[in-house]
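Reading the structure
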There are 2 protein chains.
Amino acid sequence: MNAHVITIGDEILIGQTINTNAAFIGEQLSNISINVRKTSVVPDDEEVILKEFKACLDDNDVVIVTGGLGPTHDDITRKCVIKFFHTELIPNQEVLEDVKNFFKKRGRKITKINEDQALVPKIAEAIRNSRGTAPGMWIEKENKVFAALPGVPHEMSEMIRSFIIPRLQEKIPEKDFYVKRINLLTTGIPESTLFERLGDLDELLKGAKLAFLPSQFGVKLRITVQDKDEERANNIISEIEQKIRSKVGRYIFSHQDENLENVVARILTERELTISVAESCTGGLISNMLTNISGSSKFYERGIITYSNASKVELLKVNEDTLSKYGAVSLEVARQMAEGIRAISGTDLGLAVTGIMGPTGASVDKPVGLVCIGFCDDKVCTAKKFLFGEDRLLNKQRTAQAALEMVRRSLLGIPFDD
Amino acid sequence: MNAHVITIGDEILIGQTINTNAAFIGEQLSNISINVRKTSVVPDDEEVILKEFKACLDDNDVVIVTGGLGPTHDDITRKCVIKFFHTELIPNQEVLEDVKNFFKKRGRKITKINEDQALVPKIAEAIRNSRGTAPGMWIEKENKVFAALPGVPHEMSEMIRSFIIPRLQEKIPEKDFYVKRINLLTTGIPESTLFERLGDLDELLKGAKLAFLPSQFGVKLRITVQDKDEERANNIISEIEQKIRSKVGRYIFSHQDENLENVVARILTERELTISVAESCTGGLISNMLTNISGSSKFYERGIITYSNASKVELLKVNEDTLSKYGAVSLEVARQMAEGIRAISGTDLGLAVTGIMGPTGASVDKPVGLVCIGFCDDKVCTAKKFLFGEDRLLNKQRTAQAALEMVRRSLLGIPFDD
């Protein structure tokens, strides 16, 4: 089954909103082996939208549309659906109750334009919205599926998970071949070095596909195998994974699409260890990443963001002489910060970062991108130096990633130096 | 001039990477009044790519492609360009020097596949890459522009800013009409309430366009005016802005696409005020947002993430009796946290948040989404209660936004209660 995802909205085209919806839908469809052949973004323009509906339905089995279903005048998707399928709007009692309850629960007064959201095209089955007011639409015609969903990401994603995916799964024909994929997530090694260390790819892959996907979090290796036999496909994938691991295994932190903070959190939780974090240059990013994880209070105790030198001395007991002798961005200060946060928090592990994120703050011997990361547990207290790039936000993310990688390596007994 | 942006890569289609490149390019092109009519994402598949090149060049004056220019075997864009334009690869000496310097500067050994990146299609002008190794390509043919750029966001964005935009600006014909846009960014008011308060839109807009764009950060109001006379277009926009301000002005935090943390940071810096932040439920997010701003050390002194109750008492001097009487998520504790962080940091302002982000942690009278935000300056020490939704990450972002909005309102003398 082939699919096309259409995102509607001027705000996406002119870059005021990033298209996370297409990514989410692409992932969900791929997970059930529906082939997303193309995605597109079109403006809030009836003519363009109708043309795109036609072109996509001609070429695909499934078309999913998001956006333009809100209550205000600039939301025109419903109008386009009516025109395209030559149908009309009829009131839907269930949806009207949903909308009324939504407002009641929040203690807000319902408005006329919200009530109108309970009008649904006659040809469509309404997809109820548990997180907002605009219902989605599910239309089946001539063996094709057309679905329209609101553009608000958490409303759309709930409808995809609870309605669209189960319905599509019922329609997927018996498989004549299997596509298996695995992602090996690496960090701390550049793309070209990784490529070199893997050696002869034809020899390694024997017909399978391997993609290198670099980002500020590291390089993702995506292996794809197609085979008529499901078990054989799985065997080929795990054979390739083992070969890759034998060459660059220490850099691989996940083969299950877990991000690094989740990997670290899982190990800490399993071993009942706690961590505290002292951040200077990352300004709270590391703590924010760790506390994005549900259940983080089990392993995350506290964090201190010591942006000023005074706060490093007062809160973390960093030695003032060390600060003035080596400067705030130094291995010595990073080590003392890690020691300090661990001591005052009474946690098993202490992590600390200090660096120059740019664009300002550099000196002759300390360029933008220079970072020192300190780490202490009950056995060692150490620090490591890094040189990242010139972009402030990327530097914050790379620093956080490198710091979490130090924790992972320490927990798994992998040496810090690569 | 019409443009189409093509993003190449399976990882985008299957949702493993979010398409931020198309958003960035869409924004940059719109800023110089180039009309982005559509964007699309296609797989790493030669046939599909070549078909898309053709369709887009037929319909548009400008086609910008990103992705698939890396050094590894799965990068096929350059190959497609050669086929499409019936040209060949030739070595480019400047680019080769760039690549060699790139590796030298980082102290890394250059590899053969990196050297090959200095091969550029004969028909193209090479776009040099100051942040990576893959050059871009600029091709002009039959009055149309075709450009291909690497997919790594910070490499692509630099090439767009320093090469593509200036070149395109030279080609833009004299304008026969002007499109003026302004975004009024609101927070703390739901979309439908905003819509109601604005009253009769036809009366308000008189032919101009108004879009409502909701997100977890608030509702963006985008006003668009087209007119043959530039000054008149500007006047119409500012008239509409004034009318909207007279109705919902207190909720508008920016008309210049500044996010809320930037607005707060700017006011703090202008008034030479400092702030410290105590976070429980947001786990560092507020501090992270504030320190994303270059120059934040001028106003941001320190932050403490008191995830455990012990840390609230030890570091912020929250009263243990208050904690056990009212619980950690209460107006009283939020107020004491704000008072505590302000006192130990010696800053002008103190901000504190405590809440239940979910999915766990709720009790009978304290549901997921309940948040208390405390704020203190030299005159007041107050706290306010909020009830957000059920999604952990959205709750963190909404809490951070509401907290920063309390700071903004306090700085501008707007009452906290709406």
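Note that the structure is predicted; figures quoted are calculated from it, not measured.

**Section: the sheet that holds strand E16 (residues 370-376) of chain B**
Pairing in this open sheet of 10 strands is mixed, and the strands run E17(A)-E16(A)-E15(A)-E13(A)-E14(A)-E14(B)-E13(B)-E15(B)-E16(B)-E17(B) from one edge to the other. The sheet is open, and its two borders are formed by strand E17 (381-387) of chain A together with strand E17 (381-387) of chain B, each paired with just one other strand. Neighbour to neighbour, the strand axes of the sheet diverge by 15° on average, direction disregarded. Pairing geometry for strand E13 (residues 275-279) of chain B and strand E15 (residues 349-355) of chain B, over 5 bridges, is parallel. Considered in E15(B), the bridge of Ile275(B) is made with Leu349(B). Packing of helix H15 (residues 331-345) of chain A onto the sheet brings it into contact with strand E13 (275-279), strand E14 (300-306), strand E15 (349-355), strand E16 (370-376) and E17 of chain A, and relative to E15(A) it is tilted by some 145°.

**Points about the state of the cysteines**
For the coordinates displayed, the defined rule picks out 2 disulfides over all chains. Between the sulfur atoms of Cys376(A) and its disulfide mate Cys381(A) the distance is 1.9 Å. Handedness here is read from the sign of the S-S torsion; for Cys376(A) and Cys381(A), about 55°, the answer is right-handed. Residue Cys376(A) is classed as buried on the basis of its relative accessible area of 1%. Unpaired in this structure, Cys56(A) has its nearest cysteine sulfur neighbour in Cys56(B), at a distance of 13 Å. As a non-bridged cysteine, Cys80(A) has Cys56(A) as the owner of its nearest cysteine sulfur, 13 Å distant.

**Regarding the domain arrangement of chain A**
Residue and element names in this part refer to chain A. Once the domains are mapped, chain A shows domain 1 (2-171), domain 2 (178-254) and domain 3 (260-412). Contact residues are listed per partner, giving 8 residues for domain 2 and 9 residues for domain 3. For the pair domain 2 and domain 3, the two sides together bury roughly 810 Å², of which 54% comes from carbon and sulfur. If you look at where domain 2 meets domain 3, you find 0 salt bridges. There are 4 residue pairs in polar contact (both at pLDDT 80 or more) connecting domain 2 and domain 3. Looking at side-chain class alone, the side of domain 2 that touches domain 3 contains 4 nonpolar, 3 polar and 1 charged residues.

**Focus on the relation of the copies chain A and chain B**
The second copy of the chain is related to the first by a rotation about an axis and a shift along the axis. In screw terms, the move from chain A to chain B is a rotation of 180° and a rise of 0.0 Å along the axis, fitting with an RMSD of 0.1 Å. The relationship between the two copies is best expressed as a two-fold rotation axis. When the interface residues of chain A are mapped onto chain B, 96% of them again fall at the interface, so both copies present the same face.

**Quick notes on the interface of chain A and chain B**
Contacts between chain A and chain B engage 82 residues on the former and 81 residues on the latter. Counting each side, the surface lost to burial between chain A and chain B is near 6700 Å², with a carbon and sulfur contribution of 52%. One salt bridge connects Glu314(A) with Arg302(B), and the closest N-O pair in it is separated by 2.9 Å. For the pair chain A and chain B, the number of links is 33 residue pairs in polar contact (both at pLDDT 80 or more). The greatest single-element share of the side of chain A that touches chain B, amounting to 7 residues, is contributed by strand E2 (residues 35-42) of chain A. Residues that form the side of chain A that touches chain B fall into these classes: 31 nonpolar, 30 polar and 21 charged. Sheet analysis places E14(A) next to strand E14 (residues 300-306) of chain B, joined by 5 bridges and oriented antiparallel. Bridge pairing in E14(B) places Ile304(A) opposite Ile304(B).

**Thoughts on the sheet that holds strand E11 (residues 218-227) of chain A**
Working definition: the strands of a sheet are paired by backbone hydrogen bonds and lie parallel or antiparallel to each other. Residues and elements named next belong to chain A. A sheet is described by the order of its strands in space; here 4 strands give the open sequence E10-E11-E9-E12, paired in antiparallel fashion. At either margin of the open sheet sits one strand with a lone partner, and together these are strand E10 (209-215) and strand E12 (252-254). Each neighbouring strand pair of the sheet contributes to a mean axis angle of 30°, computed without reference to strand direction. In terms of strand pairing, E10 meets E11 through 7 bridges, oriented antiparallel. In the sheet register, Ser215 faces E11, and the bridge partner there is Gly218. Sitting on the sheet, helix H10 (residues 230-248) is in contact with strand E9 (178-186), E10, E11 and E12, with an inclination near 150° to E11.

Basis of the calculations
- Every chain is numbered on its own, with residues counted from 1 as its sequence reads.
- As they are written, the chains are lettered A onward and the ligands numbered 1 onward, keeping that order.
- Residues qualify for local features only when their pLDDT is at least 70, as the model is predicted, and side-chain atom pairs are given and counted only at 80 or more; totals for whole chains, interfaces and linings, by contrast, use all residues.
- Where side-chain values are given, they derive from all heavy atoms of the structure, hydrogens and water being excluded.
- If DSSP finds at least two bridges between two strands, the strands pair.
- To qualify as a helix, a DSSP run of H or I must reach at least 4 residues; to qualify as a strand, a run of E must reach at least 2; elements of each kind are numbered from the N terminus.
- Axis definition: a line fitted to C-alpha atoms, over the contacting stretch in the case of helices. Angles run 0 to 180 degrees between N-to-C directions.
- The contact definition used throughout considers only heavy atoms, calling two residues in contact when any of these lie within 4.5 Å.
- Here, the term disulfide refers to a pair of cysteine sulfur atoms separated by no more than 2.5 Å.
- Think of it in three bands: residues with accessible area under 20% of the maximum for their type are buried, residues over 50% are exposed, and the middle band is partly exposed, with areas taken using a 1.4 Å probe on protein chains only.
- Note: domain ranges come from an automatic or database domain assignment.
- For any pair of parts, buried area is found by adding up, for both, the accessible area (1.4 Å probe) each one loses once the two are put together.
- Put simply, a salt bridge is a Lys or Arg side-chain nitrogen that is within 4 Å of an Asp or Glu carboxyl oxygen.
- Any N or O atom pair separated by 3.5 Å or less is treated as a polar contact, with the protein-specific requirement of one donor-capable and one acceptor-capable atom, and with residues adjacent in sequence counted only for side-chain atom pairs.
- Charged residues are taken to be Asp, Glu, Lys and Arg, nonpolar residues to be Ala, Val, Leu, Ile, Met, Phe, Trp, Tyr, Cys and Pro, and polar residues to be all remaining types, Gly included.
- Overlaid copies result from least-squares superposition on C-alpha atoms, with residues included only where pLDDT is at least 70 in both.

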